[in-house]
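One letter stands for each residue in the lines below.
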Amino acid sequence: MKDDDAPAPTDSFDEFVRSRSAALLRSAYLLTTDRHAAEDLLQEVLERLYAKWWRARAAPDTYARKILVNRAIDRWRLRGRRPEATLTDAASPLAADHADDVATRQVVLRALRALPPRQRAAVVLRYLDDLSEAETAQIMGCSIGAVKSHTARGLTRLRELADLGPVERDALPAGARTSPMIRRIR
């Protein structure tokens, strides 16, 4: 989401990290769907941003998001060539007595994992980070039309993936079937 408290261009790198790292970590998590990978990704982004701070300080948030998306796509490409070992906590099944939002989060994360890299990036930047088409196009390094295409295809695929069969849908808590995130995808 857009934050009005984004740092001014004259703020220091440390101030930028303090004020924006939580939002960038959230975006990294949505792009990777793994907490540990998101933390590693954010660390890489901050290292690269620090190295180019003299150039990036005019628009550090945009620069950081662009690095974030590019590094996430690079990781997806690398993983396609060499599969990663699954962490034990990431593979543990969802307990039936968890809160509705946990079930919803799992449905959305599973659906996000199934999207191709560019579609996932477009959906995360547009709908979960609440960026405009122009901002998303700038970060992804493509045209606004490509953003629209990736977003439309990604949302269509998310709708298909989040639309559980009748047996699985009944297994979800009622709140998960009517959560704002699932309604937004539909």
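The paragraphs below set out a description of the structure included in this document.

About the thresholds
Residues numbered from 1 in each chain as written. Predicted model: local features only at pLDDT ≥ 70, side-chain atom pairs only at ≥ 80, totals over all residues. Heavy atoms only, no water. Helix = DSSP H or I, 4+ residues; strand = E, 2+ residues; numbered from the N terminus. Buried < 20%, exposed > 50% of the residue type's maximum accessible area, 1.4 Å probe, protein only. Contact = heavy atoms within 4.5 Å. Areas by Shrake-Rupley, 256 points an atom, 1.4 Å probe, with all protein chains shown as cover. Phe/Tyr/Trp six-rings, centres within 6.5 Å; stacked < 30°, edge-to-face > 60°. Lys NZ or Arg CZ within 6 Å of the ring centre and 35° of its normal. Salt bridge = Lys/Arg side-chain N within 4 Å of Asp/Glu carboxyl O.

## Concerning the overall build of the protein
Reasoning step 1: Looking only at helices and strands, one finds 12 helices and 0 strands in the protein.
Reasoning step 2: By residue count, 38% of the 186 residues in the protein fall in the buried class.
Reasoning step 3: Across the protein, every contact between residues at least 6 apart in sequence was considered, and the portion connecting residues at least 24 apart equals 65%.
Reasoning step 4: Accessible surface, the protein as shown: approximately 10600 Å² in total, 52% of it carbon and sulfur.

## Quick look at the environment of Ser132
Reasoning step 1: If you trace the backbone, Ser132 turns up in the loop between helix 7 (117–128) and helix 8 (133–140).
Reasoning step 2: Residues Ser132 and Ile144 lie 12 residues apart in sequence; the distance between their C-alpha atoms is 9.6 Å.

## As for the packing of aromatic side chains
Reasoning step 1: Under the definition given, this model contains 3 aromatic pairs.
Reasoning step 2: Where Phe13 meets Trp53, the ring centres are 5.3 Å apart and the plane angle is 80°; that geometry is what we call edge-to-face. Of the two residues, Phe13 is situated in helix 1 (residues 13–32) and Trp53 in helix 3 (residues 53–56); the sequence distance between them amounts to 40 residues. Of the two residues, Phe13 and Trp53, both sit in the buried class.
Reasoning step 3: Ring geometry for Phe16 against Trp53: centres 5.8 Å apart, planes inclined by 45°, an arrangement best described as tilted. Of this pair, Phe16 sits in helix 1 while Trp53 sits in helix 3, and the two are 37 residues apart along the sequence.
Reasoning step 4: Given a relative accessible area of 12%, Trp53 falls into the buried group.
Reasoning step 5: Three or more aromatic residues joined by ring pairs make a cluster, and in this case those are Phe13, Phe16, Tyr50 and Trp53.
Reasoning step 6: Sitting above the plane of the Tyr127 ring, Arg126 keeps its charged end 5.6 Å from the centroid.

## Quick look at the pattern of salt bridges
It is possible for side chains bearing opposite charge to pair when their charged atoms get close.
Reasoning step 1: On inspection of all chains with the given rule, the structure shows 9 salt bridges.
Reasoning step 2: Residue Glu39 is joined to Arg35 by a salt bridge in which the shortest nitrogen-to-oxygen separation is 2.9 Å. Placement of both Glu39 and Arg35 in helix 2 (residues 35–51) is noted, with a separation of 4 residues, approximately one turn of the helix.
Reasoning step 3: For Arg35, a relative accessible area of 47% translates into the label partly exposed.
Reasoning step 4: As a salt-bridge pair, Glu44 and Arg71 come within 2.7 Å of each other at their nearest N and O atoms. Of this pair, Glu44 sits in helix 2 while Arg71 is found in helix 4 (residues 60–81), placing the two residues 27 residues apart along the sequence.
Reasoning step 5: Residues participating in the shared-partner salt-bridge network are Arg20, Arg26, Asp61, Arg65 and Asp129.

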